[in-house]
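# Geometric and topological summary
Residue-level listing of the chains:
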Amino acid sequence: MSDDSKKEKLIIFDTTLRDGEQSPGASMTKEEKVRIAKTLEKMHVDIIEAGFPIASQGDFEGVQAVAQSIKDSTICGLARALDKDIDRVGEALKGANSGRIHTFIATSPIHMQMKLRMEPEQVIEQAVRAVKRARQFTDDVEFSPEDAGRSESEFLCRILEAVIDAGATTLNIPDTVGYNVPEQFGALIKTLRENIPNSDKAIFSVHCHNDLGLAVANSLSAVMNGARQVECTINGLGERAGNASLEEIVMAVRTRQDIFPCSIEHIDTTQIVPASRLVSSITGFAVQPNKAIVGANAFAHESGIHQDGVLKNRETYEIMRAEDVGWSANRMVLGKHSGRNAFRTRLQELGVEFKSEDELNDAFSRFKDLADKKHEIFDEDLQALVTETSIAAENERCRLVALKVCTETGETPHANITLNIDGEEKLAEAEGGGPVDATFKAIEKIVNSGTELQLYSVNNITSGTDAQGEVTVRLERGGRIVNGQGADTDIVIASAKSYINALNKIMFSAESEHPQAGDV
Ligand code: KIV
Ligand code: ZN
């Protein structure tokens, strides 16, 4: 028996669908949440935090849909330490094979005084009550003292001892505002484990934010000091600067088994790049090229010296193998002559199931249109196409019908657009500084949305001049921010689609409540 097989396992708790979704504009539909959850399940992630059910009906249904579709991972829902929140999570998790309730209350002096306006003793009382209530629904209860990174360790010891006695099985220590540094955060975990009399009755977890770029380092320092669960997200998505990134945590522990005291063998790391691409395409949050593990340049050797070294022996400059995290050369999977069966089969292999024949037919006809414009269709094209089909299935009230744009050297670009809004066709034309500007101005003549454009970005989905461009547009109105996506081989059409997608979200869909903004 190798030494590694004696190591305890590091539990991976993914919160892309909950904390990740709290990134401004990263909201996901329940179908999108299920698609991401299926990839996480394929990766053998232990726990998937699927949302905050009390926030809105959409959040509730998202958690419920994930709970009903996933069998191998535990599904978790977030609740403030309030009866109504906990009961709502209990309800959403009814269909789950294995369900966890995660309840939290703030413990730092500033949060208790300024946000909760509660005395420390009242906070302990409310935490204990919440954990006991959660235990009425499941034996798997996680408790988080919010803003633990700025809380007093003596107070943390008292509240954590009390919630373990009340039935909490996992204690999650969040650095909510990303304030800690690795040595200090590791020491905090050690202090808590050593000073809480019943600490051996619970698993210690960490949840680090990345405001100082230290989320992964802080989480790993905690692991060195006894944490056995890490909360993280694909691509490091999350509130403000994000959370610890799952791919970095998993690959650090796997690559440095010589120093980490726990094992991560159960995670199928080849699902990392597909998951990263899926999350990026659904949320519209592009991955920076130099991002560790999942960035386009993460395994690219540019300098001659590096290339020469890698050709002689790859370990001269590579500490991981690209194929181990799911990088593979773009593979032509389908083409113009592929039939419906081949199309459906390849999408099933990618974890996509169609809810109805109509949805399959709609996606297949989009595929045929694309194959007319582009000879080789890659997995990435199929993912974008499915995202677009699911956008269409969300009963979009505003749709693109037709777009004509004229650009000519020395002339002002001009766009003519036709939109269908609630079944009625509306036309407009406008001039602009470029074709995209003219198109957006024409759309605005029709909708007059009162939004402000915060971001416009184009990424090619695969390589080559016939590749589809994937456009992300970020709009803001009255403090609310949404992202829209659109893909097409014509980037002006992709831009129009993404602008319209963002308008549908900001003008026609309900907003959900933020977990940390509440009354406890
Ligand atoms: O950052 C945080 O404190 C959280 C808690 C709800 C765990 O997201
Ligand atoms: Zn968080």
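The model shown is predicted, which means the values in this text are computed figures rather than measured ones.

So, about unusual backbone geometry. For arginine 117, which is not glycine, the phi torsion reads 50 degrees and is therefore positive. Along the polypeptide, arginine 117 turns up in the loop between α4 (109-116) and α5 (120-135). For arginine 117, a relative accessible area of 66% translates into the label exposed. Non-glycine residue asparagine 235 carries a positive phi angle of around 65 degrees. A relative accessible area of 17% places asparagine 235 in the buried class.

What follows is about the sheet that holds strand β17 (residues 469-477). With antiparallel pairing, the three strands of this open sheet are ordered in space as β16-β17-β18. In the strand order of this sheet, the two ends are held by β16 (452-460) and β18 (480-488), each with one partner. On average, each strand axis in the sheet is tilted by 15 degrees relative to the strand beside it, whichever way the strands run. Pairing of β17 with β18 involves nine bridges; the strand directions are antiparallel. Residue pairing in the sheet places glutamate 476 in a bridge with isoleucine 481 of β18.

Lining the immediate environment of ligand 1, one finds Arg18, Asp19, His102, Phe104, Ser144, Glu146, Asn172, Pro174, Thr176, His207, His209 and Gln516. A distance of 3.1 Å separates an oxygen atom of ligand 1 from a polar atom in the side chain of histidine 207. The contact in question runs from an oxygen atom of ligand 1 to an N or O atom on the side chain of histidine 209, over 3.0 Å. Relative to its unbound accessible surface of 260 Å², ligand 1 loses 100% to contact with the protein. Elements with a minimum of two residues in the shell around ligand 1: β5 (99-106), β6 (141-146) and β7 (170-175). Classifying every residue of the shell around ligand 1 by side-chain character gives two nonpolar, seven polar and three charged.

For the rest of this paragraph, the subject is the domain arrangement of the protein. The assigned domain composition of the protein is domain 1 (7-283), domain 2 (299-329), domain 3 (340-392) and domain 4 (397-508). Put simply, the middle of domain 3 and the middle of domain 4, counted by C-alpha atoms, are 23 Å apart. Each partner contributes residues to the interface: domain 3 has 10 residues there, and domain 4 has 13 residues. Between domain 3 and domain 4 we count one salt bridge in total. The partner of aspartate 488 in a salt bridge is lysine 373, with the nearest N and O atoms 3.4 Å apart.

Attention shifts here to a nonpolar patch on the surface. The grouping of Leu453, Tyr456, Val458 and Ile491 at the surface amounts to a nonpolar patch, some 310 Å² of accessible area in total. For the nonpolar patch, the element with the most residues is β16, which contributes three residues. Within the fold, leucine 453 resides in strand β16. By relative accessible area, leucine 453 is classed as partly exposed at 43%.

This part takes up the sheet that holds strand β13 (residues 398-406). Spatially, β13-β14-β15 is the arrangement adopted by the three strands of the open sheet, whose pairing is antiparallel. In this open sheet, the two edge strands, each paired with only one partner strand, are β13 and β15 (424-431). Across this sheet, the average inter-strand angle for adjacent strands is 15 degrees, counted without regard to direction. Summarising the sheet, β13 and strand β14 (residues 414-421) pair through eight bridges and their orientation is antiparallel.

Bringing the packing of aromatic side chains into the picture now. To describe a pair of aromatic rings, you give the distance between the ring centres and the angle between the ring planes. Evaluation of the coordinates by the stated rule reveals six aromatic pairs. The ring of phenylalanine 60 is capped by arginine 88, whose NZ or CZ atom sits 3.7 Å from the centre of that ring. Across from the ring centre of phenylalanine 285, 5.3 Å away, lies the NZ or CZ of arginine 474, which sits over that ring.

It is worth spelling out the pattern of salt bridges at this point. Scanning the model with the defined rule gives 35 salt bridges in all. With a shortest N-O distance of 2.7 Å, glutamate 142 and arginine 100 are connected by a salt bridge. On the criterion of sequence distance, the pair formed by glutamate 142 in strand β6 and arginine 100 in strand β5 is long-range, its members being 42 residues apart. Residues glutamate 142 and arginine 100 agree in their burial class; the two are buried. Across the pair lysine 336 and aspartate 372 runs a salt bridge whose closest N-O atoms are separated by 3.3 Å. Residue lysine 336 is found in the loop between β11 (332-334) and α12 (340-349), and its partner aspartate 372 is found in helix α13 (residues 357-373); the two are separated by 36 residues along the sequence. Assessed through its relative accessible area of 40%, lysine 336 is described here as partly exposed. Looking at aspartate 372, the relative accessible area reads 52%, which means it is exposed.

Conventions we followed
Once a new chain begins, its residue numbering starts again from 1 and follows that chain's sequence as written. Note on labels: chains are lettered from A, ligands numbered from 1, in written order. Local features in this predicted model are restricted to residues whose pLDDT is 70 or higher, and side-chain atom pairs enter the listing and the counts only when it is 80 or higher, whereas totals over whole chains, interfaces and linings include all residues. To obtain the side-chain values, all non-hydrogen atoms of the structure were included, while hydrogens and water were left out. Labels follow the DSSP assignment, with helices taken as runs of H or I lasting at least four residues and strands as runs of E lasting at least two, numbered in each case from the N terminus. Using a 1.4 Å probe on the protein chains alone, a residue whose accessible area is under 20% of its type maximum counts as buried, one over 50% counts as exposed, and one in between counts as partly exposed. Pairing between strands is defined by DSSP: at least two bridges between them are needed. Axis definition: a line fitted to C-alpha atoms, limited for helices to the stretch in contact. Angles are taken between N-to-C directions and run from 0 to 180 degrees. Each residue is tested against the molecule or strand, and it is near if at least one of its non-hydrogen atoms lies within 4 Å. Identification of polar contacts relies on pairs of N or O atoms within 3.5 Å, with a donor-acceptor requirement for protein atoms, meaning one able to donate a hydrogen and the other able to accept it, and with residues adjacent in sequence counted only if both atoms are side-chain atoms. For accessible areas, the Shrake-Rupley method is used with a probe of radius 1.4 Å. Any residue's cover is judged against the shown protein chains and nothing else. Residue polarity follows a fixed list, in which Ala, Val, Leu, Ile, Met, Phe, Trp, Tyr, Cys and Pro are nonpolar, Asp, Glu, Lys and Arg are charged, and the others, Gly among them, are polar. An automatic or database domain assignment supplies the start and end points of every domain. Here, two residues are considered to be in contact whenever any of their heavy atoms come within 4.5 Å of each other. Definition used for salt bridges: Asp or Glu carboxyl oxygen within 4 Å of a side-chain nitrogen of Lys or Arg. Patch members must show over 30% relative accessible area and no salt bridge, and they are joined within 9 Å when carrying like charges or within 5 Å when they are nonpolar side chains of Val, Leu, Ile, Met, Phe, Trp or Tyr. Stacked, tilted and edge-to-face are the three classes assigned to paired rings of Phe, Tyr and Trp, where Trp is represented by its six-membered ring and a pair needs centres within 6.5 Å; plane angles under 30 degrees give stacked, over 60 edge-to-face, the rest tilted. Geometrically, a charge over a ring is one whose NZ (Lys) or CZ (Arg) sits within 6 Å of the ring centre while staying within 35 degrees of the ring normal.

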